[in-house]
Amino acid sequence: MVEVTIRKAHMDDVKNVHALLMDCARKGQLLPRALIFLYGHIRNFHVAETADGRLVACCALAPVWEDLAEICSLVVDENIRRQGLGRRVVESCLAECRELHIRKVFSLTYQGEFFQRLGFHIVDKDVLPQKIWADCVHCPKYPDCDETAVYLEMNEGEA
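What this report covers is the structure whose coordinates are included nearby. (Residues numbered from 1 in each chain as written. Predicted model: local features only at pLDDT ≥ 70, side-chain atom pairs only at ≥ 80, totals over all residues. Heavy atoms only, no water.)

### A short note on the overall build of the protein chain
Note the threshold: Each helix is a run of H or I in the DSSP string that is no shorter than four residues. Each strand is a run of E no shorter than two, and both are numbered from the N terminus. Residue contacts are defined here by distance: any two heavy atoms, one from each residue, within 4.5 Å place the two residues in contact. Per-residue accessibility takes into account occlusion by the displayed protein chains alone, with areas from the Shrake-Rupley method and a 1.4 Å probe.
The helix and strand inventory of the protein chain stands at 5 helices and 7 strands. For the protein chain, the N- to C-terminal ordering of α and β elements is β-α-α-β-β-β-α-β-α-β-α-β. In the protein chain, once contacts between residues fewer than 6 apart in sequence are set aside, the share between residues at least 24 apart is 68%. Here the protein chain displays about 9000 Å² of accessible surface, and carbon together with sulfur accounts for 50% of that area.

### Regarding the pairing of strand 2 (residues 45–50)
Definition in use: In this scheme, a residue with accessible area under 20% of its type's maximum is buried, one over 50% is exposed, and one in between is partly exposed, where area comes from a 1.4 Å probe on protein chains only. By the convention used here, strands pair only if DSSP detects at least 2 bridges between them.
Across the 6 residues of strand 2, 5 count as buried, placing the element largely inside the fold. Here strand 1 (residues 4–8) pairs with strand 2 via 5 bridges, running antiparallel. Following the sheet pairing, T5 is matched in strand 2 by E49. Taken together, the 5 bridges between strand 2 and strand 3 (residues 55–65) define a ladder with antiparallel strand orientation. Across the sheet, the residue bridging to V47 is C58, located in strand 3. The turn joining strand 2 and strand 3, which pair antiparallel and follow one another in sequence, is formed by 4 residues; a positive phi near 90° is taken by G53.

### A closer look at the nonpolar core
Condition: To form a nonpolar core, buried Ala, Val, Leu, Ile, Met, Phe, Trp, Tyr and Cys residues must be joined to one another through side-chain atoms within 4.5 Å.
I71, L85, V90, L94, V105, F115 and F120 are the most contacted members of the largest nonpolar core, which totals 25 residues. Where this core is concerned, the elements lending two or more residues are strand 3, strand 4 (68–76), helix 3 (85–100), helix 4 (112–117) and strand 7 (148–153). For this core, the element with the most residues is helix 3, which contributes 6 residues. Look past the residues within four positions of L94 in its chain and what remains in contact with it is I71, V105, F120, L152 and M154. Core analysis: the next-biggest nonpolar cluster, separate from the first, contains 18 residues, V17, C24, V47 and A62 among them.

### Considerations on the packing of aromatic side chains
This is how it is decided: The pairing test for Phe, Tyr and Trp rings, Trp by its six-membered ring, is centres within 6.5 Å, and the orientation test on the planes gives stacked under 30 degrees, edge-to-face over 60, and tilted for anything in between.
By the definition in use, this model includes 2 aromatic pairs. Measuring from centroid to centroid gives 5.2 Å for F114 and F115, while their planes differ by 85°, and the two rings are edge-to-face. There is no split in this pair, since F114 and F115 are both buried. Taken together, a centroid distance of 5.1 Å and an interplanar angle of 80° make the contact between F115 and F120 edge-to-face. Among the residues examined, F120 registers a relative accessible area of 2% and is labelled buried. What links up through ring pairs into an aromatic cluster is the set F114, F115 and F120.

Structure follows, in structure tokens:
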């Protein structure tokens with residue numbers, strides 16, 4: 001098992017986060033993100049870094065509304081998947097939800113089963129109107145999205 005540190009991303013991580021995301025985007029596993037987008041949103045990202053400084057996973061927490069946030073851009077280097085890194089970066093994002101007092105979290109994903117193991121429930125995309133109108137209408141897959149919507153409402157004591 002690879003030992004990593006989970007931490008908030010910083011500006012020096014942008015190109016490495018971009019490389020992780022683009023590798024998965026080329027395989028159709030997520031939508032690509034432009035460098036300009038990442039520079040503007042790097043504060044949303046949590047990363048997993050090995051002892052030698054290599055980024056091997058990333059995940060973003062994107063606040064969408066008053067008490068709603070999206071878990072997005074989740075990637076784990078395919079050479080070290082199934083070691084709990086995805087879970088760890090998502091849990092880091094959920095911990096940040098608690099700090100921000102965000103109680104409702106969702107994701108649009110091709111990995112619905114993964115999120116269900118973390119307590120999320122599959123929901124109809126219609127329960128996410130803020131996301132649909134803010135982002136989805138600009139997506140080339142709209143309105144024929146093939147991702148699964150997952151949703152988690154955190155307990156009062158958690159948020």
